[in-house]
Amino acid sequence: MKSDHEKTIVPASVSDADMAAGLLMLVSEMTWALSLDGQRILFLNPVAETVLGIQNTELELQSDSWLASIHPDDRLALQQNLLEIAELRQFSRELRITRTTDLEVWVKATFQLILDAEGRPSFVGVTAKDVAKRIDAERQLEESQAIYHSLVESMPINVFRKDRDGRIVFANQRYCNELNMSLSQLVGKTDYDLFPEMAHKYVKDDAWVLQTGLAFHDIESHPAGHEDLSYVEVLKAPVCDASGRRIGIQGMFWDVTARKKAEQALRQAKELAESASRAKTDFLANVSHEIRTPMNGIIGITELLLTSIREKEHREYLELIQSSGESLLTLINDILDFSKIEAGKLQLESKRFSLRDSLGDTLRSIAVRAHAKQLELIVNFAADVPDEIVGDLARLRQVIVNLVSNAIKFTDRGEVEVDVSTLKLRDGHARLMFTVTDTGIGIPADKLKLIFVEFEQVDSSTTRQYGGTGLGLAIASKLVTLMGGELKVDSVVGGGSRFTFEMDVHFAETFFEQPLEGLRGQSVLMVVRNAKQRVVLNNIFSRAFVRTHQAIATADAMETLERLVKQQTPAAAVVCDAELDQDSGTELIRSMRQVPSLAYTPVIMLTRAVSHQTVNNREQLGIDDMLIKPVKEKDLLTSLALALGLLNDITTAQGSAYGRIEPSLEPLVVLLAEDNRVNQKLVVGLLEKQGHRITVAHNGRQAVEMYPQNAFDLVLMDVQMPEMDGYQATHEIRQLQTRLGVRVPIIALTAHASADDRKRCLAAGMDEYLSKPIRAQDLFVLIEKLTGHRSALSGPGASADTHQNCVDWEHAFDTVGGDRPLLQELIAVFLKDQSKMETSIERAIQRNDEKELRLSAHSLKGALTHLGGREPARIAGELELLAKNEDLAAAKELLPKLKSSLENVSREMKQFLAKRA
Ligand code: ADP
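Cut-offs used in this document
Residues numbered from 1 in each chain as written. Predicted model: local features only at pLDDT ≥ 70, side-chain atom pairs only at ≥ 80, totals over all residues. Heavy atoms only, no water. Pairing = 2+ DSSP bridges. Helix = DSSP H or I, 4+ residues; strand = E, 2+ residues; numbered from the N terminus. Axes fitted to C-alpha atoms, helices over the stretch in contact; angles between N-to-C directions. Contact = heavy atoms within 4.5 Å. Parallel < 35°, antiparallel > 145°, perpendicular 65-115°, else oblique. Left-handed = near helix turned anticlockwise from the far one by under 90°. Nonpolar A, V, L, I, M, F, W, Y, C, P; charged D, E, K, R; others polar.

Before we go on, may I ask you to explain the sheet that holds strand S23 (residues 669–673) in this structure?
Neighbouring strands of a sheet are bound in pairs by backbone hydrogen bonds; such pairs are parallel or else antiparallel. With parallel pairing, the five strands of this open sheet are ordered in space as S24-S23-S25-S26-S27. Of all the strands in the sheet, just strand S24 (693–697) and strand S27 (768–771) have a single pairing partner and so form its edges. Within the sheet, the average angular offset between the axes of one strand and its neighbour, ignoring direction, is 20°. Where S23 and strand S25 (residues 714–718) come together, four bridges link them in parallel fashion. Note on S25: the bridge partner recorded for valine 670 is leucine 714. The strands that helix H21 (residues 677–689) touches are S23, S24 and S25; relative to S24, the one it contacts most, it runs at about 165°. Sitting on the sheet, helix H23 (residues 726–740) touches S25 and strand S26 (746–750), and the angle it makes with S25 is about 155°.

Structure, rendered in structure tokens:
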């Protein structure tokens, strides 16, 4: 057997032709030889055998021309070339060899005329190589280029490509049309050739794209024509070659002029609308401000008239004018508030205050209205609500008062509940949730959104049953938004409404007041009918670690009390609602007092109003304390501690060392600088009644001129005046005084009412500040403070006939449910205690004892609030707050104001008592 190796050895006797044929067998390219006419194959190597499907051994049997296996589309041209081979000698063609219908091979074939030794044509030699892959790739490229072109040409945008040097290499037809150039004209051009003005920017942008490899996006404005600016939106991105090298950039841009113009128009329209709205709110603010000035005249002059007119009927008319004036002023203040908020001019204050105490006081004053309609007002603070928070109390109060007043106004039966809870509590921040729920008439679903819009009411007919302006909720909702929340409502017609809002607050570190330590572990029986009320009391007691038992009527209360006695764990005290179901709370106490083991158990009674009857009962039945609902946590716990003998009565403290300034009654010489005639008359009228001598200057300049002509004791200076304003006049008068070596007090009179205005007045050298409308009372208090002159209205010398109106008698009568003898009794008690309380406050201030000041001011405030002593109650409240803020210097300053206002109130109260006789 011969080996394969041996087979390839060519014997020496082999002819040249055979050797050549043998060598061709080794060539990997297709090779074959054709007859000179090109029709028959004379020889072919194995690769060609495979592709053409013809074997060397079968060549003799060939009947058809080999050309039959060439694709018909390529065949004719090949035949033509083969016919010309004698002249051509050589040619190349790309052909498809299609041996069978499903096999097609792309080849590139070279045909060469081969000559014999004598130079005669011998045969045609063919070499061919498979170019299928390349052809395929080329075809794909062509296809993708076609797609790219159709895309680029059909898009309604301009497309271009540039090389690294910024020369255009391609632009779509749209772009060419845009530039009015053909592609061939455009290719090779740069931005400097095409857009000399913009070229610098374009080249810079292109460089950025090439450098970063990132896409670039911009809206460019193009100067087109003189007035018009046209805008295009541009996107540019790098073009990379196969190896990822950035070889240029491609970009597209499209016209956005219409969009930009629409945006501009929209912006202009918005600015216009905003400025119109600003003008409206400014107008509102200015108008309401201006209305305050004449209101000053109306209210002030009425007040002045009331001091001199005695006829009952005329007095009633005047009082009507006064109360209408006051409500008009409230409305104007509402509008002012509203427009201030609208104009973004309202700033919230951040002050520390006690939430439970302040809101508790506020709600108790509104409770009178609820109780008058036999509604229960329940106030519930969750145990984890911080006591002391930092925020704007006045604004929070405004929102709550509005919601609760509405709830009472729109509810005829049932209850109104105020609930305060904590949603989040962390690192000195708390999110509180306030809820005001009523069982009233409800609000139809389609009006729920509307009621927050200014001047909108559910019932806007002229015959509507409920009063109001429709501003309250609009203001409340805006205030809540300012405080970081949203005022929401849900409601069922006939089923009541629920208003909620959340608010973020900071809380002081001592956010929980320490409950009175001695109360820990004491046990109390609560006898309360209303389930929610029981929850409220339970919350309060649990914070002080007081154990509670609960009962809802006399029978089960007695049962529980007796059982506890038997178990030798008697209740330390009973907290009893006066408004129990069938029997009033007094029945229970009566029963208790008949059982020896319960005869001396302390009882605290919670009541809507103190009536003559209850006061009698109090003495007879040994009720330790009576608290008006909604009861405040601190009052309840203090009262319990007092009843259990754990605290001494703070108001029993004796002794006073506070030096009094003896008042002078010498008339004063006063310079009044005021341009408004009504105000001039009012102030002159008020002061002349006191025997003072007044000189009037009509503007600041006159005031400065008049000042050295007289030895004035006091200057009253309007701030806004023509020619020279009050600040400038004060400045000049102060300079004069420095030269003369005197200093006369100057009081600013202004319609502005903000803290900033006060600061500005003081900075200008004025001593005090009085905001309009001017109240006689305030003016006299200030005069007394600065000059020591006690006015007849504010001093002990006031005539008994003078109508002073210092006590809110309506409120006082409300407190006692209209029971006059009871009120007289309560007032007698108050008058007896009053000097003790006053002394206690003076002493606390003198000793710098904040705690005592706080407690004494607080209890004075409580007593006065119920009896209608609004002004001194307010001052006492201020003192309490100052004590909390440890500002005893300011408290000291406030003291004379409190004393004089207390004197007015007590004098009026004494007159009231005198009428009894
Ligand atoms: P006002 O009470 O002065 O009319 P508000 O802005 O406070 O203005 O309230 C707007 C309207 O919303 C009221 O007129 C009333 O129709 C409706 N409303 C507000 N609170 C309640 C409530 N608790 N129950 C039923 N309706 C209410």
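Before we go on, may I ask you to explain the side chain of glutamate 674 in this structure?
Relative to the helices and strands, glutamate 674 is located in the loop between S23 and H21. With sequence-adjacent residues up to four places away left out, glutamate 674 is seen in contact with Asn679, Gln680, Val696, Ala697, His698, Asp718, Met721, Leu749 and Lys772.

Before we go on, may I ask you to explain the sheet that holds strand S18 (residues 523–527) in this structure?
Strand order in this open sheet of five strands is S19-S18-S20-S21-S22, and the pairing throughout is parallel. The open sheet is flanked by strand S19 (547–551) and strand S22 (625–628), the only strands paired with a single partner. Averaged over all pairs of adjacent strands, the angle between their axes in this sheet comes to 20°, without regard to strand direction. Sheet analysis places S18 next to S19, joined by five bridges and oriented parallel.

Is there a simple way to think about the packing of helix H28 (residues 850–867) against helix H29 (residues 870–884) in this case?
Angle between the axes and distance between the axes are the two parameters that describe a pair of packed helices. It is at 8 Å that the axes of H28 and H29 come closest, and there the two elements cross at 160°. As far as their axial angle goes, H29 and H28 are roughly antiparallel. The handedness of the crossing between H28 and H29 comes out as left-handed. Between H28 and H29, the contacting residues are Glu850, Leu853, Arg854, Ala857, His858, Leu860, Lys861, Leu864 and Thr865 on the first element and Pro872, Ala873, Ala876, Gly877, Leu879, Glu880, Ala883 and Lys884 on the second. Classifying every residue of the contact of H28 with H29 gives nine nonpolar, three polar and five charged.

Sorry, what's going on with the pairing of strand S2 (residues 41–44) here?
Looking along a regular strand, one sees the side chains alternate between the two faces of the sheet. Sheet topology places strand S1 (residues 30–34) next to S2; three bridges connect them, and they run antiparallel. Across the sheet, the residue bridging to leucine 34 is isoleucine 41, located in S2. The hairpin turn running from S1 into S2, its antiparallel successor, is six residues long, and glycine 38 in that turn takes a positive phi close to 80°.

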